[in-house]
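Analysis of the macromolecular model
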Amino acid sequence: MVDPRARRGLPERWLLPPAPRDDPAASRWHDLPFEDKRSLARVGPDDVPSLDGDARTIVTELARVRLATRWRLLAAAPVFGWLVLMAVWGFGQSSYPESATLWFQAGLALGALTWFAAAIAAINRLRRTRAVLAACTTSD
């Protein structure tokens, strides 16, 4: 049975972590169907001991690549905050020009909340990735 949350109408590249860079793991990763890729991307540190050799190799490489590209997650937080600020402020300026300052303040507040939420999510994802990598390397 396919998880209905698996796609959410988004492209695969937005739902999956960066692919492994190691050639054997990368070729196995690209041969997997989306649902298997998604389940391997969601593996937690407690799930690592139950993985077979190929899956463990892929999960280890996924964690290494995620940590190597962590700047993307961390840079996304202020970008999302900026986009929310500009969207709210732009809407307010074009629709209600007499109260543009209030719309700017609202956009600033919502942008800051978005930045904060995205930063916390990125930090939690990286913390979980470090735990998965530690579980993969210590259980070898």
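The present account deals with the structure reproduced in this document. (Residues numbered from 1 in each chain as written. Predicted model: local features only at pLDDT ≥ 70, side-chain atom pairs only at ≥ 80, totals over all residues. Heavy atoms only, no water.)

**With respect to the nonpolar core**
- Membership of the largest hydrophobic core comes to 14 residues, with the highest contact counts inside it found for Trp 29, Leu 40, Val 43, Val 48 and Val 59.
- Mapped onto this core, the elements with two or more residues apiece are α3 (34-41), α4 (53-68) and α6 (100-138).
- Of the residues forming this core, the biggest block, four residues, is contributed by α4.
- In this structure Val 59 touches Leu 40, Val 43, Leu 51, Val 132 and Cys 136, once residues within four positions along its chain are discounted.
- Ala 63, Leu 73, Leu 126 and Leu 133 belong to the second-largest nonpolar core, a separate cluster that totals six residues. (Core = buried A, V, L, I, M, F, W, Y, C linked by side-chain atoms within 4.5 Å. Buried < 20%, exposed > 50% of the residue type's maximum accessible area, 1.4 Å probe, protein only. Helix = DSSP H or I, 4+ residues; strand = E, 2+ residues; numbered from the N terminus. Contact = heavy atoms within 4.5 Å.)

**Section: the pattern of salt bridges**
- Scanning all chains against the criterion turns up two salt bridges.
- Two residues, Arg 28 and Asp 54, come together in a salt bridge whose shortest N-O distance is 3.3 Å. Here the residue Arg 28 occupies a position in helix α2 (residues 23-31), and Asp 54 occupies one in helix α4, the gap between them amounting to 26 residues.
- Across the pair Glu 61 and Arg 64 runs a salt bridge whose closest N-O atoms are separated by 3.1 Å. With a gap of three residues between them, Glu 61 and Arg 64 both fall in helix α4, about one helical turn apart. (Salt bridge = Lys/Arg side-chain N within 4 Å of Asp/Glu carboxyl O.)

**Considerations on the side chain of Thr 69**
- Structurally, Thr 69 can be placed in the loop between α4 and α5 (70-95).
- In contact with Thr 69, other than residues within four places in its own chain, are Pro 18 and Arg 21.

**Description of the packing of α4 against α6**
- Relative orientation of the contacting elements α4 and α6 amounts to 140°, with a least axis distance of 9 Å. As summarised for this structure, α4 and α6 are arranged oblique, according to the angle between their axes. Of the two elements, α4 crosses α6, and the hand of that crossing is left-handed. Contacts between α4 and α6 involve Arg 56, Val 59, Thr 60, Ala 63, Arg 64, Arg 66 and Leu 67 on the former and, on the latter, Arg 125, Leu 126, Thr 129, Arg 130, Val 132, Leu 133, Cys 136 and Thr 137. (Axes fitted to C-alpha atoms, helices over the stretch in contact; angles between N-to-C directions. Parallel < 35°, antiparallel > 145°, perpendicular 65-115°, else oblique. Left-handed = near helix turned anticlockwise from the far one by under 90°.)

**Considerations on the side chain of Arg 56**
- Within the fold, Arg 56 resides in helix α4.
- Residue classification places Arg 56 among the buried positions, given a relative accessible area of 14%.
- In terms of polar contacts, Arg 56 uses its side chain to reach the backbone carbonyl oxygen of Val 48, at 3.0 Å. (Polar contact = N/O pair within 3.5 Å; in protein donor to acceptor, adjacent residues only side chain to side chain.)

By themselves, these are just geometric observations and shouldn't be taken as functional.
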